Amino acid sequence: MIPLVDLKAQYKTIREEVLEKIEEVIESCAFIQGKYVQEFEDSFAKIQEAEYALGCSNGTSAISLVLESLGIKQGDEVITTTHTFIATAEAVCNVGAKPVFVDINPETYNIDISKIESTITDKTKAIIPVHIYGNPVNMEEIMKIAKKYNLIVIEDCAQAHLAKFNGKFVGTFGNAGTFSFFPGKNLGAYGDAGGIITDSLQLKEKAKKLLNHGRSKKYEHESIGYNQRMDGLQAAILNVKLKYIKQWTKQRQENARLYNTLLSDNTKIILPKTTLSAEHVYHLYVIQVNNRNQVMQQLNDKGIAASIHYPIPLHLQPAFKFLGYKKGDFPVSENITNRILSLPMFPELSKEQIEYISNAINSI
Ligand SMILES: *Cc1c(COP(=O)(O)O)cnc(C)c1O
């Protein structure tokens, strides 16, 4: 069986270092926040070339913490893509605001920037572009619109650690970038974890208080906040993994290149597209085929864990029924939902595995 992502294969390569760190954290009782979280924040800010980084509980809280810190609340509208994991829009609802969806570009699978302006109203306060699958959104175009309408920009980088647009790391274009360190993400903890990067000291300070019960100092609470702190164990594991993240990202890109080569003669497949300005980090390697369900079934039968990200666009999710969208509102997302197929993608994927998967697809 070739899994979609093989977390065990990666663990084998860092096992000793990780176990040593886990023991160190337990010995020092630095369970919540503390020195390992601090070390992670410093290293993560550095590697993403941001002024500040904050560790938090997960990628969803990272988004809602930034929204709330920047004053987004009930009555406000936040524009985002319909083709993303639910957390992006859920975080908007969690602060009482309303998500406003936009269709996607059929080639990049990212928000269709040409369709953003027509959804802007007096209530629009922010845009959340999502670098879906690790493929960077054209952030220069997004920032132009944001400047013109004075909008906040929060980049959902949950799938895009170390991705770049025009040589600049994603997450550093807008007011903040939010990250998930869910185990299966490009940089994954051994449990839930998330992070925020920003160049704004004010935003960092506000979010830092909010995620720790609105506390300004011990047992003094300036506002009502949350318990959304990062664990020391997760931070220590991430610190080990940060040493390898550049290499792992390169391996993902090499794996994508090999897939591209082996599948390029197959005219029945649409391969992932990226532009020259974008440095894709391939959280997922997603192709399009006509008879998707059949192809997926046959691959699964051959021991290849291909799957779909995501089968239902957000505007058609039962949870967002109250927003009043209907089938046909976003035809591009609805169409690709029936055609997309995610192939196994992780740094440790071998040449032989990619050949096996590609041969299987070509023979189908
Ligand atoms: C994973 C993910 C999130 C949420 O992250 P969690 O850590 O699971 O809360 C948000 N947005 C996108 C695009 C994601 O892929």
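Up top is the structure these notes are about.
Residues numbered from 1 in each chain as written. Predicted model: local features only at pLDDT ≥ 70, side-chain atom pairs only at ≥ 80, totals over all residues. Heavy atoms only, no water.

Any chance you could explain the side chain of Gln-253 here in plain terms?
Take Gln-253: it is sitting in helix α8 (residues 245-263). At 2.9 Å, the side chain of Gln-253 forms a polar contact with the backbone oxygen of His-280. Setting aside its immediate chain neighbours within four residues, Gln-253 contacts Glu-279, His-280, Val-281 and Tyr-282. (Helix = DSSP H or I, 4+ residues; strand = E, 2+ residues; numbered from the N terminus. Polar contact = N/O pair within 3.5 Å; in protein donor to acceptor, adjacent residues only side chain to side chain. Contact = heavy atoms within 4.5 Å.)

Teacher, can you tell me more about the sheet that holds strand β2 (residues 77-81) here?
The seven strands are arranged β1-β9-β8-β5-β4-β2-β3 in an open sheet whose pairing can be described as mixed. If you trace the sheet from one side to the other, it starts and ends with β1 (52-56) and β3 (98-102), each paired once. Each strand of the sheet is rotated relative to its neighbour by a mean of 25°, with strand direction disregarded. Relative to strand β9 (residues 194-198), strand β8 (residues 176-180) runs antiparallel, the two sharing four bridges. If you follow Ser-180 over to β9, its bridge partner there is Gly-194. Sitting on the sheet, helix α4 (residues 87-94) is in contact with β2, β3, β4 (124-128) and β5 (152-156), with an inclination near 150° to β3. (Pairing = 2+ DSSP bridges. Axes fitted to C-alpha atoms, helices over the stretch in contact; angles between N-to-C directions.)

Can you help me understand the side chain of Gln-10 in this one?
Tracing the backbone through its elements, the reader meets Gln-10 in helix α1 (residues 7-28). The buried category is assigned to Gln-10, whose relative accessible area is 7%. Among the polar contacts made by the side chain of Gln-10, one reaches the side chain of Glu-348 at a distance of 3.1 Å. The residues touching Gln-10, leaving out its near neighbours within four places in the chain, are Lys-241, Trp-248, Pro-347 and Glu-348. (Buried < 20%, exposed > 50% of the residue type's maximum accessible area, 1.4 Å probe, protein only.)

Would you mind going over the sheet that holds strand β12 (residues 278-279) with me for this structure?
By definition, the strands of a sheet pair up through backbone hydrogen bonds, in either a parallel or an antiparallel sense. Taken in spatial order, the three strands of this open sheet run β7-β6-β12, and their pairing is antiparallel. At either end of the open sheet lies a strand with only one pairing partner, and these are β7 (168-169) and β12. Alignment of strand β6 (residues 164-165) against β7, held across two bridges, turns out to be antiparallel. Note on β7: the bridge partner recorded for Lys-164 is Phe-169.

Mind showing me how you'd approach helix α5 (residues 139-149) here?
Residues separated by three or four positions in an α-helix point in the same direction, a consequence of the helix having 3.6 residues per turn. Among the residues making up α5, those that are buried are Met-139, Ile-142, Met-143, Ile-145 and Ala-146. One side of α5 carries all its buried residues, which in axial view fall inside an arc of 160°. Turned more than 90 degrees from where α5 packs its buried face, Lys-144, Lys-147 and Lys-148 sit exposed. Looking at the buried side of α5, the elements it contacts are β4, β5 and β6. The backbone nitrogen of Glu-140 lies 3.2 Å from a side-chain oxygen of the residue at the head of α5, namely Asn-138. Downstream of α5 by a residue or two, Asn-150 has a phi angle that is positive, lying close to 55°. (Arc of directions from axis to C-beta.)

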